[in-house]
Amino acid sequence: MLVSRADGVLTGGRIVETEAYLGQGDPGSHAATRGITKRNAVMYGPPGCAYVYFTYGNHHMLNLVTEEEGTAGAVLVRAIEPQLGTDEMVRRRGARPMHELANGPGKVAQALGLDLRDNGSVLGVGRVAVFDAPPPSEPVAVSGRIGLTAGHERTLRFYLEGDEHVSRGRTGPRRTARLTDLKDEARAGDARRWKDDA
DNA sequence: ATAGCGATTGACT
DNA sequence: GTCAATCGCTATA
């Protein structure tokens, strides 16, 4: 559950689509180039913070920092299922079908009223908060990330299979799995990474 | 100081 | 399916 209290109004919903962005070695990441810059600094900061950036001259993107301080890593929230403050979300986004209020990363930030002021804010302390929720009943689909220049693709996009609130997009190759299995895979990957580092 | 570009969207063919 | 809008960040001079 993702919740915003921008403008003193609570808005939010269930996260239904995400993409992972790593640090060095992930050419699609803002942290791809070695070193901290003014923009990507928050990605290197402590986990549990919001990394918000501005792109294409119009759109804000909300990421959740995931890795320990000193290691770049964040999850881009690409879509949510509106559940809280939907009337305010309609006011911010314009009259649209419910499933088009936040079915894209730029739309998520707009619907939640977020902007660069939220960059670096601590989840639950600033205007953005994330709460645990029951695991989804739908299978989780895994595909390549959207919108990256060729050669930057990695299968790091995760979304709820068949959910109407997921962004439209060229999916490409895709597989589905249970959430518990994906978590097992992630843990195995972490173990492999630690072993390699050692 | 500044050219080039982008983790997109919305309108249009 | 194509395409323009739009501006902060990054890299280069």
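Please refer to the structure placed before this passage.
Below is a short write-up of the structure. Note that the coordinates shown come from a computational prediction; the quantities given were computed from them, not determined experimentally.

Structurally, Ala-31 can be placed in the loop between β2 (11–21) and β3 (50–55). Note on Ala-31: relative accessible area 0%, which makes it buried. Sequence separation between Ala-31 and Ala-72 is 41 residues, and the spatial gap between their C-alpha atoms is 6.4 Å.

All right, on to the pairing of strand β5 (residues 74–84) then. With eight of its eleven residues buried, β5 lies for the most part within the structure. Pairing between β2 and β5: nine bridges, direction antiparallel. Residue pairing for β5: Glu-17 is matched across the bridge by Ala-79. Inspection of the sheet shows strand β4 (residues 59–65) paired to β5 by three bridges, in the antiparallel sense. Within the sheet, the bridge partner assigned to Asn-63 lies in β5 and is Leu-76.

Let's shift gears to the protein's contact with DNA strand C. Near DNA strand C, the surroundings consist of Thr-33, Thr-37, Lys-38, Arg-39, Asn-40, Phe-54, Tyr-56, Gly-57 and Asn-58. Sugar and phosphate atoms represent 77% of those atoms of DNA strand C found within 4 Å of the protein. The contact in question runs from a phosphate oxygen of DNA strand C to an N or O atom on the backbone of Arg-39, over 3.3 Å. One of the side-chain N or O atoms of Asn-58 is found 3.3 Å from a sugar or linking oxygen in DNA strand C. In terms of residue class, the surface near DNA strand C is made up of two nonpolar, five polar and two charged.

With that settled, the discussion passes to the nonpolar core. Where a protein is soluble and globular, its nonpolar side chains tend to be buried together. Core analysis: the biggest nonpolar cluster contains 15 residues, and Leu-2, Leu-62, Val-77, Ile-80, Met-89, Val-108 and Leu-112 have the highest contact counts within it. Listing elements by their share of this core, those giving two or more residues are β3, β4, β5 and α2 (105–112). Of the residues forming this core, the biggest block, three residues, is contributed by α2. Ranked by size, the runner-up nonpolar core spans 13 residues in total, among them Ala-31, Val-65, Ala-72 and Leu-76.

On to the pattern of salt bridges. By the definition in use, this model includes 17 salt bridges. Between Arg-92 and Asp-7 there is a salt bridge, with its nearest N and O atoms 3.1 Å apart. With Arg-92 in helix α1 (residues 86–93) and Asp-7 in the loop between β1 (2–4) and β2, this residue pair connects regions lying 85 residues apart in the sequence. What makes Asp-7 exposed here is its relative accessible area of 57%. The partner of Arg-78 in a salt bridge is Glu-19, and the shortest N-O contact between them spans 3.7 Å. Linking Arg-78 in strand β5 with Glu-19 in strand β2, this pair joins segments that are 59 residues apart in sequence. In this structure, Arg-78 and Glu-19 share a single accessibility class: buried.

Parameters at a glance
Residues numbered from 1 in each chain as written. Chains lettered and ligands numbered in written order. Predicted model: local features only at pLDDT ≥ 70, side-chain atom pairs only at ≥ 80, totals over all residues. Heavy atoms only, no water. Helix = DSSP H or I, 4+ residues; strand = E, 2+ residues; numbered from the N terminus. Buried < 20%, exposed > 50% of the residue type's maximum accessible area, 1.4 Å probe, protein only. Pairing = 2+ DSSP bridges. Near = heavy atom within 4 Å. Polar contact = N/O pair within 3.5 Å; in protein donor to acceptor, adjacent residues only side chain to side chain. Nonpolar A, V, L, I, M, F, W, Y, C, P; charged D, E, K, R; others polar. Core = buried A, V, L, I, M, F, W, Y, C linked by side-chain atoms within 4.5 Å. Salt bridge = Lys/Arg side-chain N within 4 Å of Asp/Glu carboxyl O.

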